[in-house]
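Single-letter residue listing:
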Amino acid sequence: MSYEEVALEDMLWDEELSAYTYECPCGDLFQITLDELKAGEEIARCPSCSLFITVVYDPDDFASSDEEEEPAHISPMEALAPTVVA
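Residues numbered from 1 in each chain as written. Predicted model: local features only at pLDDT ≥ 70, side-chain atom pairs only at ≥ 80, totals over all residues. Heavy atoms only, no water.

**A word on the packing of aromatic side chains**
Within the structure shown, the criterion is met by two aromatic pairs. Centroid distance tyrosine 3 to phenylalanine 30: 6.2 Å. Interplanar angle 25°. Geometry classified as stacked. Of this pair, tyrosine 3 sits in the segment before strand E1 (5-7) while phenylalanine 30 sits in strand E4 (residues 29-33), placing them 27 residues apart in sequence. Overall, tyrosine 3 belongs to the partly exposed group, its relative accessible area being 42%. For phenylalanine 30, a relative accessible area of 0% gives the class buried. Both rings, one in tryptophan 13 and one in tyrosine 20, keep their centres 4.9 Å apart while their planes meet at 65°; by these two values the pair is edge-to-face. For tyrosine 20, a relative accessible area of 0% corresponds to the buried category. Sitting above the plane of the phenylalanine 52 ring, arginine 45 keeps its charged end 5.6 Å from the centroid. (Phe/Tyr/Trp six-rings, centres within 6.5 Å; stacked < 30°, edge-to-face > 60°. Helix = DSSP H or I, 4+ residues; strand = E, 2+ residues; numbered from the N terminus. Buried < 20%, exposed > 50% of the residue type's maximum accessible area, 1.4 Å probe, protein only. Lys NZ or Arg CZ within 6 Å of the ring centre and 35° of its normal.)

**Examining the pairing of strand E3 (residues 19-23)**
By the bridge criterion, three bridges tie strand E2 (residues 12-14) to E3 in an arrangement that is antiparallel. Residue pairing in the sheet places leucine 12 in a bridge with threonine 21 of E3. From the end of E2 to the start of E3, which pair antiparallel, there are four residues, and serine 18 there has a positive phi angle of about 55°. Linking E3 to E4, which pair antiparallel, is a turn of five residues; within it glycine 27 sits at a positive phi near 105°. (Pairing = 2+ DSSP bridges.)

Here's what the structure looks like:
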């Protein structure tokens, strides 16, 4: 059973770890990578203890196709930002 359900929007992107993170009660960070999210993974694990959380997100936000790749200059958080159309 998951320690907690956490919305992806409530997690922080850590450039150094290349992962979304969320504070664990043990003092370390739950982590889930962009590749794991693209693969449909929803469990973020803490590397220091046995706890894990369920990450709530829309897998379609990370669906990749061979024709359309995410530009390298856009951070993962920018990729999730809503597009404003005037």
